[in-house]
Amino acid sequence: MGWNTWNAFKYNVSSELLVQTADLLVSTGLKDVGYTNLVLDDGWQALNRSDDGRPQANVTKFPNGIPPVAQHAHNVGLQFGIYMTNGIKGCGPKDPGSWGYEEIDAQEFADWGVDYLKYDNCGTFEAGTHPPQSRFRVMGNALRETGRDILFSLCQWGDQFPWFWADQIAHSYRISGDITATFSDTGKDCACKTAYCLNTGYAGCSVMTIIRKMREISYFQHPGSFADMDMLEIGIANMTLDEERTHFSFWAALKSPLIIGADLRTISNESLSVLRNEKMIAVNQDKLGAAVEYLADISKERAFQTWAGRLSGNRTIVLAFNELNDTITVDVPFSAVPGLDSENRYKLEEVWSGFSGHVKGNISATLASHETKVFILKQD
């Protein structure tokens, strides 16, 4: 959990922005509910390495370098993250990548006080001819050799299906091209509509498309290495409250890292209330680390989706999501939900409304357009 510069600021980063946002993570209460990683994305680098090959910060944006920013994050109780790519060049084509400099860069990051590395997939042809497993493993090994505990986050856009291999290398791995500030997939969307298509691409993907991709791969989630659905667009995109809640519900229940992308200087109180929902955060951070899975038999393509999964304490979580623009009612029979018994009575709580009660046999949920209701059930 944390905050990243990219969605709101792209390359317009600075030490002032990072220090200000670190303080806002504290003052808004976001740090207290778990958002403890302050991550500096692309745009911090100088165009050239030092004479001895070390990465350098852009002196206009970071006149005193990176270590004072990391130190400020640590002083206010946060961890500090940074960005690099595994190619010869970066996504900004003039920026240097880590290809051939992995050990130097890893040690420099450790010396700067870095706690989290977002490692991107941009580069040039020579680097791209090597399989991503080998390219990413070099940096993973280099980070371990520093002796510093650094979270390793892969950003390879789902290339070559990392859910099969990334848990041997990193703590998290991206499953798609970059998210875009769009909820619905009815307009321009990423080229890759499924988890297993080969054209993963870099183009932006809507919230709904990323949710659909996870229908195929959510069961790969496990403690130690989690599928990253990309940063949260809550507080950036022009979404309704129900759409923001749906976005957060699925990222939390699917056990994606929760990385805020909004400008905390201007974010609305309504969006902050979504991000600070402690019950959804508890779902994300549940010690089982089990993601919900898509229940195709009680869903209707392009109309509504039903998902369910396990939580610690012998609890079951159910998500009902309305994809349509109209209000609908969805029935969830317990006989179709793994872990529930239609003959038993359950105590039920709906996370967003706070409603609680007792149910037996099924849940009937009335859903507004793009609304998701999140039910947590435990047998009486």
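Residues numbered from 1 in each chain as written. Predicted model: local features only at pLDDT ≥ 70, side-chain atom pairs only at ≥ 80, totals over all residues. Heavy atoms only, no water.

Novice: Looking at this structure, I do not really get the UniProt feature "domain: Alpha galactosidase C-terminal" (unreviewed entry) in the protein. What am I missing?
Specialist: In the numbering used here, UniProt assigns the "domain: Alpha galactosidase C-terminal" (unreviewed entry) feature to residues 303–377. Its end C-alpha atoms 24 Å apart, residues 303–377 is made of 0% helix and 60% strand. (UniProt positions renumbered as here; feature names shortened; annotations may be inferred. Helix = DSSP H or I, 4+ residues; strand = E, 2+ residues; numbered from the N terminus.)

Novice: Can you help me understand empty space enclosed by the protein in this one?
Specialist: Unoccupied space between atoms shows up once a probe the size of one water molecule is rolled over them. Here the structure, examined in full by the defined rule, presents two cavities of 30 Å³ or more. Each pocket or cavity is described by its volume, and for the largest cavity that value is around 90 Å³. Surrounding the largest cavity, Asn 4, Val 39, Tyr 116, Lys 118, Ser 153, Leu 154, Cys 155, Arg 174, Asp 228, Asp 230, Met 231 and Ile 259 form its lining. Those elements that provide at least two residues to the lining of the largest cavity are strand S4 (116–120) and strand S5 (151–155). The biggest single contributor to the lining of the largest cavity is S5, with three residues. (1 Å grid on protein atoms, 1.4 Å probe; cavity = no way out; pocket = protein on both sides within 12 Å on 5 of 7 lines; lining within 4 Å. Points joined across faces, edges and corners; volume = space filled by probe spheres on them.)

Novice: What is the right way to look at the sheet that holds strand S2 (residues 37–39) in this model?
Specialist: Think of a sheet as strands paired side by side through backbone hydrogen bonds, with each pair either parallel or antiparallel. Overall, parallel pairing links the eight strands, which are arranged S7-S6-S5-S4-S3-S2-S1-S8 in an open sheet. In this open sheet, the two edge strands, each paired with only one partner strand, are strand S7 (226–228) and strand S8 (259–260). Sheet topology places S2 next to strand S3 (residues 79–85); three bridges connect them, and they run parallel. Residue Val 39 lies in a different strand from S3, and its bridge partner there is Gly 81. Along the sheet, helix H2 (residues 15–27) contacts strand S1 (2–4), S2 and S3; its crossing angle with S2, the most-contacted strand, is approximately 155°. Here helix H3 (residues 67–75) sits on the sheet and contacts S2 and S3; the angle it forms with S3, its principal contact strand, is near 145°. (Pairing = 2+ DSSP bridges. Contact = heavy atoms within 4.5 Å. Axes fitted to C-alpha atoms, helices over the stretch in contact; angles between N-to-C directions.)

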